Structure formats: C-alpha cells, structure tokens
Amino acid sequence: MRTTPLASLIALSLALAAGPALAQQNVDKVFGGITAQSGQEYGSLESVNGGITVREGAVVRAAETVNGGISIADRARVGSAETVNGGINVGDQAEVGSLETVNGGISLAEGAIVERDVSTVNGGIRGRQGVQVGGNVETVNGGLKFEGAAIAGGLSTTNGDITLDDTRVRGGILVEKPSMGWFNSGKNRDPRVVIGPGSVVEGSLVFEREVELFVHTTAKIGPVTGATARAYTDKLPPRD
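The shown structure was predicted, so the numbers you read here are calculated from the model rather than taken from an experiment.

Criteria and cut-off values
Residues numbered from 1 in each chain as written. Predicted model: local features only at pLDDT ≥ 70, side-chain atom pairs only at ≥ 80, totals over all residues. Heavy atoms only, no water. Helix = DSSP H or I, 4+ residues; strand = E, 2+ residues; numbered from the N terminus. Buried < 20%, exposed > 50% of the residue type's maximum accessible area, 1.4 Å probe, protein only. Polar contact = N/O pair within 3.5 Å; in protein donor to acceptor, adjacent residues only side chain to side chain. Salt bridge = Lys/Arg side-chain N within 4 Å of Asp/Glu carboxyl O. Pairing = 2+ DSSP bridges. Axes fitted to C-alpha atoms, helices over the stretch in contact; angles between N-to-C directions. Core = buried A, V, L, I, M, F, W, Y, C linked by side-chain atoms within 4.5 Å. Contact = heavy atoms within 4.5 Å.

1. Looking at the side chain of Thr 120
Considering the arrangement of structural elements, one finds Thr 120 in the loop between β14 (118–119) and β15 (125–127). For Thr 120, a relative accessible area of 4% gives the class buried. Among the polar contacts made by the side chain of Thr 120, one reaches the main-chain carbonyl oxygen of Val 102 at a distance of 3.5 Å.

Structure follows, in structure tokens:
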C-alpha cells in the first residue's frame, strides 16, 4: 500500500514521541543561535535569545526559542517548531508536526507538510503550491494566503485578509469579532476575503464582523453567515 506524505509524517511523530531508538543530541542555549546539521538527528533544540536553523535533511524532535526566528530547510523533518518573537520559514517538501509563533509570520514553501496546526497572533501565514496542513490555520492580526494548498481544518483570523487560489479548505472559515484586548491591533479596515479560481471551502463561512467577500464563479463554498458574497469572473476580484 502506498503511503502518503502526511501519513509518513504522522508515523515520524509517533516514532519520536515513543522515545529515541538511538541517542539524539539535545542543544540548549541562552544566548546564540542553534544549527541542526544536514543528515543528523536531534532531540530538542532550545534557545532563549537566538534563532534556530534546521538544515536540509536533518531530523529534529522539537525546535523552540523565545527571541529568534526558526528556519527549516528543504526536506527537513521537525516534530514541532515554536517561537515567541520571530518568524518561521519552512522549505520545500519539509515535514513538520506543528508551527506556532506569537510575533512573526509563517511561510510554507512548495510541498511542505504540517501534520497539525499552524498558528500566530501578530503575523501572516502563507502556503504555496502543494502545501498540506492536517489541522487548523489561525492568526489574529495577520492575513492568510494559500495557493494550490489543501487544509484539513479551518481558517480563522480577526483583522487579516484571506486569499485562496486553487485551494481546498475542509473546515470552513471564521473571521472573529475584534476585541479591545492587547491581542488585537485595533485596525478599522474591513478584512477582504477572496475565494479565488478553483478553490473549495467545504465548511461554513462565518463572519462576526464586516468583511468584503468575493467568490470566483469557478469556486465552491459552504453556507455563509454574516456577509454577502460578490461573484467575479476575472483572475482578480474588483477593487472599489
């Protein structure tokens, strides 16, 4: 039986969770970055003030930092990647369990696979051709943009735009009502939601605030609550 890339990643996660069959190096720093070398296996990589780089083909159980970005190269495998102040970049055909940051964007290159959730608070999330996400994609103050991707969960934001091009979303879309807490940037512009050519949103589209909703005539969507969809036929929707 043929094994899908996502199934392979799940098997990897289970193997890592069960404990290392071989000794795996753990690296812990307060100051300075950490690099996982190509072809090597690691346990946890933890830094307080420094970025983390996972080179092509490396295998890492977990990568975590506070002040620094995380870069995961092509075809690397990482059980989870988490930072507070920094972005996360995932290379072509890399396989990751989950991605989380607070202040930073997340970028998924072609063919990247995420088993579970992708989330940030202040930053956008972008996925390119062939990206697969097994869970939800969430941000508060940032946009979501996917091209040729497949998302098993849902998309959610509060103040960001959403743009889908030839992308399938199984779990629907939620644009939440802004709050006055510190998690919210206080932007006043209505988010722009574009369900582009060839896209499919199987779940409900729920809008708790005013949005501009555009749906291409070749796209398919579920029931809409809180907004009125405007159909368009060109590659890009009109701008008022």
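That was the structure; now back to the text.
2. Some words on the pattern of salt bridges
Scanning all chains against the criterion turns up seven salt bridges. A salt bridge links Glu 56 to Arg 75, with the nearest nitrogen and oxygen atoms 2.7 Å apart. Highlighted residues: Glu 56 in the loop between β4 (52–54) and β5 (59–67) and Arg 75 in the loop between β6 (70–72) and β7 (77–78), separated in sequence by 19 residues. Given a relative accessible area of 39%, Glu 56 falls into the partly exposed group. Overall, the relative accessible area of 41% leaves Arg 75 in the partly exposed class. In this structure, Asp 165 engages Lys 235 in a salt bridge whose closest nitrogen and oxygen atoms are separated by 3.2 Å. One end of the pair, Asp 165, is in strand β21 (residues 162–165); the other, Lys 235, is in the segment after β30 (229–232), with 70 residues separating them in the sequence. Connected through shared salt-bridge partners, Arg 168, Arg 170 and Glu 202 make up one network.

3. Thoughts on the sheet that holds β4
Read across the open sheet, the eleven strands follow the order β2-β4-β6-β9-β12-β15-β18-β21-β24-β27-β30; overall the sheet is parallel. Either end of the sheet is taken by a strand with one partner, and the two such strands are β2 (34–36) and β30. Adjacent strand axes in the sheet meet at a mean angle of 10° when their direction is disregarded. Sheet topology note: the β15/strand β18 (residues 144–147) ladder contains three bridges and is parallel. Residue pairing in the sheet places Gly 127 in a bridge with Phe 146 of β18.

4. Brief notes about the pairing of β18
Burial along β18 is one-sided: Leu 144 and Phe 146 are buried, while Lys 145 and Glu 147, pointing the other way, are not. Of the strand pairs in this sheet, β18 and β21 are connected by four bridges, and their pairing is parallel. Residue pairing across strands places Leu 144 opposite Ile 162, the latter belonging to β21.

5. Focus on the nonpolar core
Within the largest apolar cluster, 48 residues are counted, with the highest numbers of intra-cluster contacts made by Ile 72, Leu 99, Leu 155 and Ile 173. Discounting chain neighbours no more than four positions away, the residues touching Ile 72 are Val 54, Val 78, Ala 81, Asn 89, Val 90, Gly 91, Ala 94, Val 96 and Leu 99.

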